[in-house]
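If you want the building blocks of each chain, they are given just below.
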Amino acid sequence: MTKSRRLNAVAKEGLQLIPRLFSCRHVLQVRGDGYSVICASVFRMLTLGQPLPSRLIDADHSLGIFREQSWLDSWSVSCETDTNGSRNRLTMQQCLQSLKNLFLVANTTLDEADRQCRLAEYFNIQQQVVLEALEGVKLLMLSEAVALHDACRAGHDVPTFTWLLFARESSHDPRAFLCNHLNHVGTSGRFDEVELSLLAYALGIRLHILRPHHAGTEDYSSCHPEVGSEHFPSVSLVTVDDVQYDLLLK
């Protein structure tokens, strides 16, 4: 058996195990590009009726964290860097507002099934607004990264994944994380384990990731953040290549 056929056989077995082990019988593709893990996570949060992430309630506070960061002009949307600093920050405000608008749309109905239908329609029609909202999530992640980095330097307690995030040479500080990782999400970038933890932490959820192609190994099922998120609302995703993530539903 060739390697590709063997991997396909393992992935098939891993997919077949999901309904029995995790009581999830439906897969929903929310987005088919590099934003898929962010988009699927936010979509599920919205359908569950979860509240705004704390940093998003006061978007000015989130942007305030960045005010002393001169390197923030390195932030780009879809890797198209805007060198005009003042315009860049207006774009940031717009992205955060678009993310807040998604929660306003979701809160127009109390029924989960109705929310899912309404959001699916909104995501299909308002594609530019949704793209801005996904960039808004990346800004929330960066805001958390800055706050966690400052807490580390001050000797405060931080989630375990924080040490792993800043231990990497490519993300030894928030600026390096932005330039080498976060700016590329949506195009060529993929999420590492530590970035999944940061995403979940920023959104106030627990991500449960299933990887059918790793069936029979400890990588088949993982939770992010691994520690301290047990009481957060859980969002289950499935991926067969660690690039495309789809929602798992009961």
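Presented here is a report on the structure given in the accompanying data block.

The subject of this paragraph is the nonpolar core. The biggest cluster of nonpolar side chains holds 61 residues, and the ones touching the most others in it are I38, L99, L102, F123, L199, L207 and L237. Ignoring sequence-local partners within four residues, the contact set of L99 consists of V42, L56, A133, G136, V137 and L140. Of all hydrophobic cores here, the second largest spans eight residues; its members include I18, L210, Y220 and L248.

So, on to the packing of aromatic side chains. Under the counting rule described, the total for this entry stands at three aromatic pairs. Ring centres of F22 and Y220 lie 6.2 Å apart, and the angle between their planes is 50 degrees; on these two criteria the pair is classed as tilted. Here Y220 lies in the loop between β4 (206-210) and β5 (221-224) and F22 lies in helix α1 (residues 3-22), a separation of 198 residues in the sequence. Overall, F22 belongs to the partly exposed group, its relative accessible area being 22%.

Our focus in this paragraph is unusual backbone geometry. Omega for the bond connecting H224 with P225 falls within 30 degrees of zero, at -15 degrees, which places this linkage in the cis form. Of note, P225 is situated in the loop between β5 and β6 (234-238). Non-glycine residue S23 carries a positive phi angle of around 60 degrees. Locating S23 in the fold gives a position in the loop between α1 and β1 (26-28). Within the chain, D242 stands out as a residue other than glycine whose phi angle is a positive 60 degrees. Position of D242 relative to the elements: it lies in the loop between β6 and β7 (246-249). Residue D242 is classed as buried on the basis of its relative accessible area, which comes to 18%.

Parameters at a glance
- Residues numbered from 1 in each chain as written.
- Predicted model: local features only at pLDDT ≥ 70, side-chain atom pairs only at ≥ 80, totals over all residues.
- Heavy atoms only, no water.
- Core = buried A, V, L, I, M, F, W, Y, C linked by side-chain atoms within 4.5 Å.
- Buried < 20%, exposed > 50% of the residue type's maximum accessible area, 1.4 Å probe, protein only.
- Contact = heavy atoms within 4.5 Å.
- Phe/Tyr/Trp six-rings, centres within 6.5 Å; stacked < 30°, edge-to-face > 60°.
- Helix = DSSP H or I, 4+ residues; strand = E, 2+ residues; numbered from the N terminus.

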